[in-house]
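Descriptive analysis of the structure
In case you want the letters, here they are:
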Amino acid sequence: MSKITPIEASKRTLEICELAPVIPVLVVDDLSTARDLGMALVRGGLPVLEVTLRTECALDAIAVMANIEGGIVGAGTLITPQDVENAVAAGATFGVSPGATDILIEACEQAGLPLLAGATSASEAMTLLERGYTVQKFFPAEAAGGAPFLRSLASPLPQITFCPTGGISLNNASEYLASPNVKCVGGSWVAPKNAIKNCDWEKIERLASNSVMVLS
Ligand code: 3PG
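The structure displayed is predicted, hence computed values, not measured ones. Every chain is numbered independently, its residues counted from 1 as its sequence is written. Only residues with pLDDT of at least 70 are given local features in this predicted model, and only at 80 or more are side-chain atom pairs given and counted; all residues enter the totals for whole chains, interfaces and linings. Each side-chain value is derived from all of the structure's non-hydrogen atoms; neither hydrogens nor water enter the calculation.

Observations regarding the overall build of the protein
- Numbering goes from the N terminus for both helices and strands, where a helix is a DSSP run of H or I of at least four residues and a strand is a run of E of at least two. A count of helical and extended segments in the protein gives ten helices and nine strands.
- For 216 residues, the compact-globule estimate of 2.2 N^0.38 gives 17 Å, and the protein sits close to it at 16 Å.
- With the C-alpha coordinates aligned to their principal axes, the bounding extent of the protein is approximately 45 × 35 × 25 Å.
- Exposure categories follow from relative accessible area, calculated using a 1.4 Å probe and restricted to protein chains: below 20% of the type maximum is buried, above 50% is exposed, and the middle band is partly exposed. The burial tally for the protein puts 51% of its 216 residues in the buried class.
- What makes two residues a contact is simply this: any of their non-hydrogen atoms within 4.5 Å. In the protein, the proportion of contacts linking residues at least 24 apart, taken out of those at least 6 apart, comes to 61%. Atoms considered for the radius of gyration are the C-alpha atoms alone. The globule rule reads 2.2 Å times the number of residues to the power 0.38.

Here you go:
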């Protein structure tokens, strides 16, 4: 991929956030589950998949999911330039990070990887905005003040759109999505560890389609 500007990155991350109300946050422990897991979520109406770089097989899982028709696969938990390089090589088409550092942002821009960088405060959000990032992840959403906090940023910082992540479930997702500065939420609740372990793809598809039905 060729270099990407912050404006282009924001445009692309906004498009991604507009595809579905939920970005499933995936922790893949067993590579053999990656394809079925991704397909179940896509079938359920959640095409955007964030695979966190927290397991040994995460990069291989991204490579597998990158071939799922209709899916858009990103790498989560990006921390270092090496993570960015690995993610792009595996086939990730966007990146997500819990926070933002100059080094990480620069690496993503150089690699052409649109980054959904994390912010937790008005100052962090403004720092990213100064760099041209108008679409940001709000993390850890519930612990950092939840939907009321995020809604409070909408008046002073209307030019920023957020994807809150961390502690979100079907019980509180609507509250976030009702805020004018939220386009989608991220969460692991649509792909519970046990369901993945038990290869219960029907359950995961149901959780996805139910979320789409309730939150769209
Ligand atoms: C994470 O930290 O793994 C993501 O933000 C997802 O959080 P969740 O498991 O609370 O949905």
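What about the pairing of strand β1 (residues 22-26)?
- Counting buried residues in β1 gives five out of five residues, a clear majority hidden from the surface.
- Residues Val22, Pro24 and Leu26 of β1 are buried on one face, and the alternating residues Ile23 and Val25, pointing to the opposite face, are buried as well.
- Paired strands, as defined in this entry, are two strands with at least two bridges between them according to DSSP. Across two bridges, the pairing between β1 and strand β2 (residues 48-52) is parallel. Each bridged residue has a counterpart across the sheet, and for Val25 the counterpart in β2 is Glu50.
- A clockwise course of the path from the first strand over the helix to the second, judged with the strands pointing away from the viewer, identifies a crossover as right-handed. With helix α2 (residues 34-43) bridging β1 and the parallel β2, this β-α-β connection has right-handed handedness.

Notes on the site of the ligand
- Around the ligand, the structure places Val25, Arg54, Phe139, Thr165, Gly166, Gly167, Gly187 and Ser188.
- Surface exposure here means Shrake-Rupley accessible area, sampled with a 1.4 Å probe, where a residue is shielded only by the protein chains that are shown. Starting from 310 Å² of accessible surface for the ligand in isolation, the protein chains cover 77%.
- By residue class, the composition of the shell around the ligand is two nonpolar, five polar and one charged. By convention in this text, a residue qualifies as near a molecule or strand provided that one of its non-hydrogen atoms is within 4 Å of it. Classes in brief: Ala, Val, Leu, Ile, Met, Phe, Trp, Tyr, Cys and Pro nonpolar; Asp, Glu, Lys and Arg charged; the others, Gly included, polar.

Let's talk about the sheet that holds strand β9 (residues 185-187)
- On the basis of which strands lie adjacent, the open sheet formed by six strands has the order β5-β4-β3-β2-β1-β9 and parallel pairing. Single-partner strands in this sheet number two, and they are β5 (115-116) and β9.
- Convention adopted: a line fitted to C-alpha atoms gives each axis, helices being fitted over their contacting stretch, and angles between N-to-C directions are expressed from 0 to 180 degrees. Contacting β1, β2 and β3 (72-76), helix α3 (residues 58-65) runs over the sheet at an angle of about 160° to β2.

Let's talk about helix α4 (residues 81-90)
- Along α4, the residues classified as buried are Asp83, Val84, Ala87 and Ala90. Axial view of α4: buried residues confined to an arc of 130°, hence all on one face. Seen from the open side of α4, the exposed residues pointing more than 90 degrees away from its buried face are Glu85 and Ala89.
- Buried residues belonging to α4 abut α3, β3 and α5 (102-111). Think of it as the arc spanned by the lines of direction from the helix axis to the C-beta atoms.

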